[in-house]
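Residue-level structure breakdown
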Amino acid sequence: MHKVSKLDRKYVWHPFTQMRDWMGQEPVLIERGKGSVLTDVNGKKYLDGNASIWTNLHGHNNFRINNAIAKQLAKVAHSSALGLANEPASVLAEKLVKAAGPPLKKVFYSDDGSTALEVALKMSYEHNRRINRSKKPRFLSLMRSYHGDTIGAASLGQIDLFRRPYSGLLFKADKAFSPYCYRCPFNKAKPERRDARLGRKCKWECISKLENKIKSHKYAALVVEPRVQGAAGMIMHPSGWLKRASNVVKVAGAQLIADEVMTGFGRTGFTFACHKEKVIPDFLCLAKGLTGGYLPMAATLTSQDVFDSFLGEYKEMKTFFHGHSYSGNQLGASAALASLGLLNNRRGRLRRKKLEKLLSVELESLWPFARVGDVRQEGLVAGVELVADWKTRESFPLKAKIGIKVCEVMARKGVLTRPIGNVVPLLPPYCTTDAQLRKMVRVLRESIMEVLGSTKV
Ligand SMILES: *Cc1c(COP(=O)(O)O)cnc(C)c1O
């Protein structure tokens, strides 16, 4: 075993990992990366099929981002945002506000997706108290939602598996019905595979349920992952749901917190998924792709209204009492500026459109397999849901580790991704070539066949 693997095994505790399983195998030890390729210490190359857990946009070792960081590094790596300002963070704030659009006017920096949500949560809580909407504001979040792992963010999450161990520590966020067309309880269409997704008799029952829930209490805010619920298993909302949900929230006088930690920065085709439905949130939470997947940095954007409710004389103590040591970090902000530049360039946009199209063409090849229940895509996010029986949509039990097994075979064949239960996600970096994209889907197809057989419908 490699000497570094020994160190890892001896000292490192990995996130979301059963360490007994981990210690039973030799880890993939990544040494370098270039574009969509990661190379391990033995020289074996892998395609980064989930963009390093949904973070990487323009590929690894990108010349422009490297350069931007190096140039900043030669000046200073970090000075505190508590009491000091700096150039990259200020310039980035303007660019983020412009990209997000009105009424988002102010940027609060933090470190990662979880903290971006904590910030929105605290701001919304305090704002709602100060405008006398509620003395003890409560929040509404969607079924199967995931917003991070710190206590506040985890409290908003509605995935039982992650909540259960800490339920005693978490505060109560109410759960609102959210659409999952493939398993829609209202869709009476027969499970004829792709037809089932169209919801032929859909009457937007999911929105009525949300509407009833939101009317039942004076909620401070509804928290949503716009258009795609990532950790739920890349579950895509039907087009029009977000707009309707946003209207329901506005009528109720509540705020909308958009968690675009995964969907932000072009992932779903638009700079932000909210833009696709012309939805204007009160809070926009950004992280993962903000720095192009280079450095941990996050931002919470909000409106002048919210900002103003924290203004006052010093002695009134209306200050937003929250912050992080690395808020507004110069290296992160420099990486983010370079990444935004790449995102907005015309050639890049056209390339992403082409890649989206190619992905949807390639994914077609998965439909014939009997163990493939649903194939979902939104922009450059895909989720393939594996099932025991496509006719009944019966799931494999989690304990069967089907997703894990398929991804292990994929890794052996040179494509890295991480399953979410029985769903295998593909989120190619935007610099992925046509040949690399074809390989990602081909390896997924072959791995499904190897683990689950090649029975066709
Ligand atoms: C990943 C993710 C988070 C948490 O981000 P971290 O950087 O892991 O804390 C929050 N919300 C969504 C939608 C995410 O995908």
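Residues numbered from 1 in each chain as written. Predicted model: local features only at pLDDT ≥ 70, side-chain atom pairs only at ≥ 80, totals over all residues. Heavy atoms only, no water.

1. A short note on the nonpolar core
Worth spelling out the cut-off: Buried residues of nine kinds, namely Ala, Val, Leu, Ile, Met, Phe, Trp, Tyr and Cys, make up a nonpolar core once their side-chain atoms join them within 4.5 Å. Working definition: with a 1.4 Å probe on protein chains only, accessible area under 20% of the residue-type maximum means buried, over 50% means exposed, and in between means partly exposed.
In terms of nonpolar packing, the biggest core is built from 73 residues, with Leu96, Trp241, Phe265, Val384, Leu386, Leu444 and Ile448 touching the most fellow members. Ranked by size, the runner-up nonpolar core spans 23 residues in total, among them Ala116, Met123, Ala287 and Ala298.

2. A closer look at the environment of Thr319
Quick reminder of the rule: Per the convention used, a helix needs a DSSP run of H or I reaching at least four residues, while a strand needs a run of E reaching at least two, with both numbered from the N terminus. In this description, contact between two residues means that some pair of their heavy atoms is separated by no more than 4.5 Å.
On the secondary structure map, Thr319 appears in the loop between α13 (304-308) and α14 (330-344). On a C-alpha basis, the gap between Thr319 and Ile280 in space is 26 Å, while along the polypeptide they are 39 residues apart. When residues no more than four places from it in sequence are discounted, the contact partners of Thr319 are Arg130 and Phe310.

3. Notes on unusual backbone geometry
Of note, the amide linkage connecting Pro102 to Pro103 takes the cis form, showing an omega dihedral of 5 degrees. By the secondary structure assignment, Pro103 is in the loop between α5 (87-100) and β4 (104-110). Even without being glycine, Arg144 reaches a positive phi, approximately 65 degrees. Mapped onto the secondary structure, Arg144 falls in the loop between β5 (139-142) and α7 (151-156). For Trp204, which is not glycine, the phi dihedral falls at a positive 55 degrees.

4. Focus on the domain arrangement of the chain
So the rule is basically this: Each domain's extent is set by a domain assignment, obtained either automatically or from a database. A simple way to read buried area is as the amount of 1.4 Å-probe accessible surface that goes missing from two parts once joined, with both sides added. Any Lys or Arg side-chain nitrogen found within 4 Å of a carboxyl oxygen on Asp or Glu counts as a salt bridge. Two N or O atoms form a polar contact when they lie within 3.5 Å of each other; inside protein one atom must be a possible hydrogen donor and the other a possible acceptor, and for residues adjacent in sequence the pair counts only when both atoms belong to side chains.
The domain architecture assigned to the chain consists of domain 1 (3-61 + 346-452) and domain 2 (76-343). Of note, the centres of domain 1 and domain 2, computed from C-alpha atoms alone, are 26 Å apart. Each side of the interface is counted separately: domain 1 has 46 residues, and domain 2 has 39 residues. Both sides of the domain 1 and domain 2 interface together cover about 3,500 Å² of buried area, and 52% of this is carbon and sulfur. Across the contact surface, domain 1 and domain 2 share three salt bridges. Between Arg227 and Glu378 there is a salt bridge, and its shortest N-O distance comes to 2.7 Å. In this structure, the connection of domain 1 to domain 2 is made through 19 residue pairs in polar contact (both at pLDDT 80 or more). Every element with two or more residues in the side of domain 1 that touches domain 2 is listed here: α3 (51-54), α15 (346-363), β13 (372-378), β14 (381-386) and β16 (423-426). Per-element tally for the side of domain 1 that touches domain 2: the top contributor is β13, with seven residues.

5. What about the sheet that holds β5?
Inclusion rule: A strand pair is defined by DSSP finding two or more bridges across the two strands. Axis angles are defined between N-to-C directions and span 0 to 180 degrees, where every axis is a line fitted to C-alpha atoms and, for a helix, only to the segment in contact.
A sheet is described by the order of its strands in space; here seven strands give the open sequence β4-β12-β11-β10-β7-β5-β6, paired in mixed fashion. Strands at the two margins of the open sheet, each flanked by one partner only, are β4 and β6 (174-176). Averaged over all adjacent pairs, the angle separating strand axes in this sheet is 25 degrees, with direction ignored. Note that strand β10 (residues 255-259) and strand β11 (residues 283-286) share three bridges and pair parallel. Bridging across to β11, Ala258 finds its partner in Leu284.

6. A closer look at the pattern of salt bridges
Following the criterion strictly, the structure yields 21 salt bridges and no others. Close ionic contact of Lys353 with Glu356 constitutes a salt bridge, the shortest N to O distance being 3.4 Å. Note that Lys353 and Glu356 are positioned in helix α15 at a spacing of three residues, about one turn of the helix. Among the ionic contacts, a cluster of salt bridges with common partners joins Arg412, Lys413, Arg442, Glu446 and Glu450.

7. What about the sheet that holds β14?
Pairing in this open sheet of three strands is antiparallel, and the strands run β13-β14-β16 from one edge to the other. The outermost strands of the open sheet, each flanked by one partner alone, are β13 and β16. Strand-to-strand twist across the sheet, computed as the mean angle between neighbouring axes with direction ignored, equals 15 degrees. Two strands pair when backbone bridges link them, and β13 and β14 are joined in this way by six bridges, in the antiparallel orientation. Along β14, the bridge assignment pairs Val375 with Val384. Taken strand by strand, α15 contacts β13 and β14, and its axis lies near 170 degrees from that of β13. Packing against the sheet, helix α16 (residues 402-412) makes contact with β14 and β16, and its axis sits at approximately 40 degrees to β16.

8. A closer look at the site of the ligand
Applied cut-off: Each residue is tested against the molecule or strand, and it is near if at least one of its non-hydrogen atoms lies within 4 Å. Ten residue types, Ala, Val, Leu, Ile, Met, Phe, Trp, Tyr, Cys and Pro, are classed as nonpolar, four, Asp, Glu, Lys and Arg, as charged, and the remainder, Gly among them, as polar.
In the vicinity of the ligand, the contacting residues are Trp54, Asp112, Gly113, Ser114, Tyr146, His147, Gly148, Glu225, Asp259, Val261, Met262 and Lys288. Note that an oxygen atom of the ligand is positioned 2.8 Å from one of the backbone N or O atoms of Gly113. In the environment of the ligand, a nitrogen atom lies 2.6 Å from a nitrogen or oxygen atom belonging to the side chain of Asp259. Among the residues making up the shell around the ligand, the classes are represented as four nonpolar, four polar and four charged.

9. As for the pairing of strand β2 (residues 37-40)
Where burial is concerned, the two faces of β2 agree: the one with Val37 and Thr39 and the one with Leu38 and Asp40 are both buried. Looking at chain direction, strand β1 (residues 30-34) and β2 are connected through four bridges and run antiparallel. The residue of β2 that forms the bridge with Arg32 is Thr39. Joining the antiparallel neighbours β1 and β2 is a turn of two residues, in which Gly35 adopts a positive phi near 60 degrees. Strand direction decides the pairing type here: β2 and strand β3 (residues 45-48), joined by three bridges, are antiparallel. Considered in β3, the bridge of Leu38 is made with Tyr46. Linking two consecutive strands that pair antiparallel, namely β2 and β3, is a turn of four residues; a positive phi of about 90 degrees is found at Gly43 within it.

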